[in-house]
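Geometric and topological summary
This is what each chain is made of:
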Amino acid sequence: MTAPVGTAPNFNRLAAPYRWMEYLSFGPALERCRFHFLSRLAHCRSGLVLGDGDGRFTARLLAAYPDLRVHAIDGSPAMLAALRRRVAAADATHRLTTETTDLRLWSAPSAPPNPSLPFTPDCIATHFFLDCLTTLEVARLARSLSALAAPGCLWVVSEFAIPARGWMRPLAAALVAALYRAFGWLTGLQPQQLPDHPTALAASGWHCIQRHRHLGGLLVSELWQLR
Ligand SMILES: C[S@@+](CC[C@H](N)C(=O)[O-])C[C@H]1O[C@@H](n2cnc3c(N)ncnc32)[C@H](O)[C@@H]1O
């Protein structure tokens, strides 16, 4: 597998304004997308949340399900600090572990329990994170996660998308290109197009069991399951 090229993006200076930037640009739409499948995780006990940024999903997940533990991984120490503050406000710090890592290089520990991942996840969440990776990097991550996850593990994905046809297609293409330019400038993010995450996940044993489109297909919430 090709090693990741170049440095990882740096989201540290976006940690504080990130939520407001999102609300000002997309209103509540991204929030709806993130939480669309939350109720499907009610039975889960061990969550792995990748690239959750300021932790709004992790905090709400832990608040919703008191028997759930979460391990959250992000490359940005400032984002993880914001995540921990939010989880502390939800009084759930004792059910959270965090790890600062470049997820392009991350390999799941092969023999949990492990200090860096103290459980086998039965649910995984990536919200607007896979779009920070190339298709090859998503494929590598998906393989690693299928080797680690419990049988039947659920993976909730939120992403931007460019619909194949319809009135939203040109608008979505322009918006996604503008977002990549902005994040490239603000964080040094190198990828400049959406990865083909459905192909990468399917090739690693994940099966998409539900998909919901928001804003005419500009946003998708997906629920994947390990076969
Ligand atoms: C666009 S933000 C999305 C944040 C949040 N999940 C959301 O729903 O808005 C991407 C997040 O992924 C993290 N990230 C991006 N590339 C990464 C990498 N290679 N390794 C680890 N974290 C990364 C960033 O630090 C940031 O917190």
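Rules used in this analysis
Residues numbered from 1 in each chain as written. Predicted model: local features only at pLDDT ≥ 70, side-chain atom pairs only at ≥ 80, totals over all residues. Heavy atoms only, no water. Axes fitted to C-alpha atoms, helices over the stretch in contact; angles between N-to-C directions. Helix = DSSP H or I, 4+ residues; strand = E, 2+ residues; numbered from the N terminus. Parallel < 35°, antiparallel > 145°, perpendicular 65-115°, else oblique. Left-handed = near helix turned anticlockwise from the far one by under 90°. Contact = heavy atoms within 4.5 Å. Nonpolar A, V, L, I, M, F, W, Y, C, P; charged D, E, K, R; others polar. Core = buried A, V, L, I, M, F, W, Y, C linked by side-chain atoms within 4.5 Å. Buried < 20%, exposed > 50% of the residue type's maximum accessible area, 1.4 Å probe, protein only.

Take the packing of helix α3 (residues 56-64) against helix α4 (residues 77-89) next. Two elements in contact, α3 and α4, have axes whose closest approach is 8 Å; the angle formed by their N-to-C orientations is 25°. Taken together, the axis directions place α3 and α4 in an arrangement best described as roughly parallel. The chirality of how α3 crosses α4 is right-handed. Across the interface between the two elements, R56, T58, A59 and L62 from α3 touch L83, R86 and V87 from α4. Partitioned by chemical class, the residues of the contact of α3 with α4 number four nonpolar, one polar and two charged.

With that settled, consider the nonpolar core. In terms of nonpolar packing, the biggest core is built from 25 residues, with W106, L141, L145, W155 and W206 touching the most fellow members. With six residues, helix α5 (residues 135-148) is the single largest residue contributor to this core. W206 has contacts with I124, A142, L145, S146, A149, C153, W155, L201, W224, Q225, L226 and R227, leaving out every residue within four places of it along the chain. Listed in part, the 24 residues of the second largest apolar core include F35, F37, Y65 and V156.

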